[in-house]
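Fold and geometry: a report
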Amino acid sequence: MPAPRLMDQPSTLTVRAVVTAYLRNVARQVSDGDMSEHHGLNLRRWIFDWLDFVDGEKLVVDCRQYDLTACLTARPGWKSKYTISNYTSAVIGAFRWAADEEIIDHPPYRPLKKLKGAVYGTRRPATKHEYLTLIRCGSRPLRHMLIFLWRTGARTSEARALKWEHIVWGDTPHIRLPKHK
């Protein structure tokens, strides 16, 4: 018998109920190794900050896009587009997850128009001077990682995903990643 869904009574579902279910899922993903502990802690921090701003007993059907905009407006010290993007992604992600799991009909929040494109714009590569400064002043593991990235052209996510079984030790040793861009 399938587990009962919270959507059976959508008019009485609170923000706190959705967030609690989402954070249980995040904890499960962290314990299963599907999500890093650091990312899970960041999600919890953003979500709990959101709950402090929005009344947790507010019904999901009463949530409006204005809630998210008002929450960000109440934090004039947040200047970084990346901080704002991470915060909104955590809040929106919780409700998107709930909609995907059929806990709610549809997510009440969507990405803010003023942040679209501006946050994820192209970044410039490090200059040779910046690279050499990091090599000179950085820790030994950082230097090794930077040299590896510089010489191979790999992305940081590809370097982090590298495992011993991806190294081919034949006549010409090389790395073969199963997932890459």
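Preceding this paragraph is the structure being described.
Read on for an overview of the structure. (Residues numbered from 1 in each chain as written. Predicted model: local features only at pLDDT ≥ 70, side-chain atom pairs only at ≥ 80, totals over all residues. Heavy atoms only, no water.)

So, the overall build of the chain
Helix and strand counts for the chain stand at 7 helices and 2 strands. Out of the 181 residues belonging to the chain, those deemed buried represent 31%. When contacts within the chain are restricted to residue pairs at least 6 apart in sequence, long-range pairs at least 24 apart make up 56% of them. Approximately 12900 Å² of the chain is accessible, and the part contributed by carbon and sulfur atoms is 56%. (Helix = DSSP H or I, 4+ residues; strand = E, 2+ residues; numbered from the N terminus. Buried < 20%, exposed > 50% of the residue type's maximum accessible area, 1.4 Å probe, protein only. Contact = heavy atoms within 4.5 Å. Areas by Shrake-Rupley, 256 points an atom, 1.4 Å probe, with all protein chains shown as cover.)

With respect to the nonpolar core
Counting 34 residues, the largest nonpolar core has Tyr22, Trp50, Phe95, Ile104 and Tyr109 as its most contacted members. The leading source of residues in this core is helix α4 (residues 81–100), at 10 residues. In this view, Tyr109 contacts Trp50, Cys63, Arg64, Gln65, Asp67, Leu68, Val91, Ile92 and Phe95; residues no more than four positions away in its chain are not counted. (Core = buried A, V, L, I, M, F, W, Y, C linked by side-chain atoms within 4.5 Å.)

Observations concerning the side chain of Gln65
Within the secondary structure, Gln65 is located in helix α3 (residues 65–73). Of the polar contacts made by the side chain of Gln65, one reaches the backbone oxygen of Arg110; its length is 2.9 Å. Residues contacting Gln65, with those up to four places away along its chain left out, are Pro108, Tyr109, Arg110, Pro111 and Leu112. (Polar contact = N/O pair within 3.5 Å; in protein donor to acceptor, adjacent residues only side chain to side chain.)

As for the packing of aromatic side chains
Within this structure, the stated rule accounts for 5 aromatic pairs. Relative to Tyr109, the ring of Trp50 has its centre 5.4 Å away and its plane inclined at 85 degrees; by these criteria the two rings are edge-to-face. Linking Trp50 in helix α2 (residues 37–53) with Tyr109 in the loop between α4 and α5 (128–137), this pair joins segments that are 59 residues apart in sequence. The exposure class assigned to Trp50 is buried, which follows from its relative accessible area of 0%. Residue Tyr109 is classed as buried on the basis of its relative accessible area, which comes to 3%. Note on Tyr131 and Trp150: the rings are 4.0 Å apart at their centroids and 20 degrees apart in plane angle, and the pair reads as stacked. (Phe/Tyr/Trp six-rings, centres within 6.5 Å; stacked < 30°, edge-to-face > 60°.)

None of this, on its own, says anything about what the molecule does.
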